[in-house]
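# Topology and contacts: notes
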Amino acid sequence: MRVSRRRVPAARSRRIGLVLGAGGVLGAAWTAGALAALQERVDRPLGAVDLVVGTSAGSVLAAALRCGVGVDQIVEHQRGSALAELPHLSQLDRDGGPLPPLPRLRIGSPRLLASTALAPHRIRPWVAASGLVPQGRGQLRYLGALVEAILAQDTAAVAGWPARETWIVAVDYATGHRMAFGRPGAPPVPLADAVVASCSIPGWYEPKSVAGRRYVDGGVCSSTSLDLVAKAGLDEVYVLAPMASYLMDRPCRTPSVPASAWLGGVHLGPC
């Protein structure tokens, strides 16, 4: 007698996404601690999850994770250990000092303002307002060099980009639309250029030119761009957003009141 056995398909492993939000030097330190706590809950190295999305300071950490820098190395580096693999965000001061250079006496993006006038319903007010900011003079050459150094240690990198799916979010300074570099359909760009674009704060740094277009900090549109992963086919998504809060504090100093109000309603999703 012949017995047939039906092959039972193997259980599909969970597809995991990691979203690292904007937050500057302080936000990066917070994110480093959060990554360590998250690593204890996830069954694989965070650098090996299915998708990593990084915005502004989060883009630097996303690049580090995807290029083989471990969470423990990130934490140790934030504590002051000298690790050649990972740039400390305080080193951005080498690109212009702890305070921004005086901006140019011209508005940042006349084309963005024109796009807003033609289709105001398509561009969020805070994105359009970034076009009014004076043009920054700072340049992130040192950050770009550091990201290139990290990528050079990633033997699996393909055409200047990590092998595993990595999206780095910036904003087109002419249209106000987001660009997730590394996402299918996005223009090919070196990882260093994408990270510099994602970190180019309007009014502080010059926009980053990529393929003839100018890009600025992805946090101008959203601190996380969390909505972009909705159709990525993920089972779990972990979001580390140092600039987001659902609890309103009551700062004692008057200058802190506007910042507190803004953090209470910081934008996580679509712009």
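Quick note: structure is the one above.
Heads up: these notes are all about the structure in this document. (Residues numbered from 1 in each chain as written. Predicted model: local features only at pLDDT ≥ 70, side-chain atom pairs only at ≥ 80, totals over all residues. Heavy atoms only, no water.)

A separate point is the pairing of strand β4 (residues 178–181). When a strand is regular, its side chains alternate between the sheet's two faces. Direction of pairing for strand β3 (residues 166–172) relative to β4: antiparallel, over a ladder of four bridges. The residue of β4 that forms the bridge with V169 is A180. Counting the residues between successive antiparallel strands, the hairpin from β3 to β4 contains five residues, one of them, G176, with a positive phi of roughly 80°. (Pairing = 2+ DSSP bridges. Helix = DSSP H or I, 4+ residues; strand = E, 2+ residues; numbered from the N terminus.)

On inspection of all chains with the given rule, the structure shows two aromatic pairs. Summarising the aromatic geometry, the rings of F181 and Y215 are spaced 5.1 Å apart at their centres and angled 70° between planes, so their arrangement reads as edge-to-face. Taken together, the residues F181 in strand β4 and Y215 in strand β6 (residues 213–217) connect sequence positions 34 residues apart. Among the residues examined, Y215 registers a relative accessible area of 3% and is labelled buried. Ring geometry for W204 versus Y205: centroids 5.6 Å apart, planes at 20°, classification stacked. Stacked on the ring of W167, the Lys or Arg R183 has its end atom at 5.1 Å from the ring centre. (Phe/Tyr/Trp six-rings, centres within 6.5 Å; stacked < 30°, edge-to-face > 60°. Buried < 20%, exposed > 50% of the residue type's maximum accessible area, 1.4 Å probe, protein only. Lys NZ or Arg CZ within 6 Å of the ring centre and 35° of its normal.)

In this section: the packing of helix α2 (residues 57–66) against helix α7 (residues 191–199). Interaxial distance between α2 and α7 falls to 8 Å at its minimum, and their mutual angle equals 155°. When the axes of α2 and α7 are compared, the pair comes out roughly antiparallel. Counting all contacts with α2, which are made through A57, S59, V60 and A63, the residues of α7 involved are L191, V195, S198 and C199. Residues that form the contact of α2 with α7 fall into these classes: six nonpolar, two polar and no charged. (Axes fitted to C-alpha atoms, helices over the stretch in contact; angles between N-to-C directions. Parallel < 35°, antiparallel > 145°, perpendicular 65-115°, else oblique. Contact = heavy atoms within 4.5 Å. Nonpolar A, V, L, I, M, F, W, Y, C, P; charged D, E, K, R; others polar.)

Okay, the layout of surface pockets next. Estimates place the volume of the second largest pocket at around 190 Å³. Around the second largest pocket, the lining comprises 15 residues; the ones closest to its centre are Q139, L140, R141, V196 and K208. Secondary structure elements with two or more residues in the lining of the second largest pocket: α6 (141–152), α7 and β5 (208–210). In terms of residue class, the lining of the second largest pocket is made up of five nonpolar, five polar and five charged. (1 Å grid on protein atoms, 1.4 Å probe; cavity = no way out; pocket = protein on both sides within 12 Å on 5 of 7 lines; lining within 4 Å. Points joined across faces, edges and corners; volume = space filled by probe spheres on them.)

Right, let's get into helix α3 (residues 71–78). Turning to α3, its buried residues number three or more, namely V71, I74, V75 and H77. Along the long axis of α3, the arc covered by the buried residues comes to 165°, so they all point the same way. The positive-phi residue at the C-terminal boundary of α3 is G80, with phi of around 115°. (Arc of directions from axis to C-beta.)

Where charged atoms of side chains with opposite charge meet at close range, the side chains can pair. Summed over the entire model, instances satisfying the criterion amount to ten salt bridges. Close ionic contact of R44 with D50 constitutes a salt bridge, the shortest N to O distance being 3.3 Å. Where D227 meets R178, a salt bridge forms, and the shortest distance between an N and an O atom there is 2.8 Å. Of this pair, D227 sits in the loop between β6 and β7 (236–240) while R178 sits in strand β4, and the two are 49 residues apart along the sequence. (Salt bridge = Lys/Arg side-chain N within 4 Å of Asp/Glu carboxyl O.)

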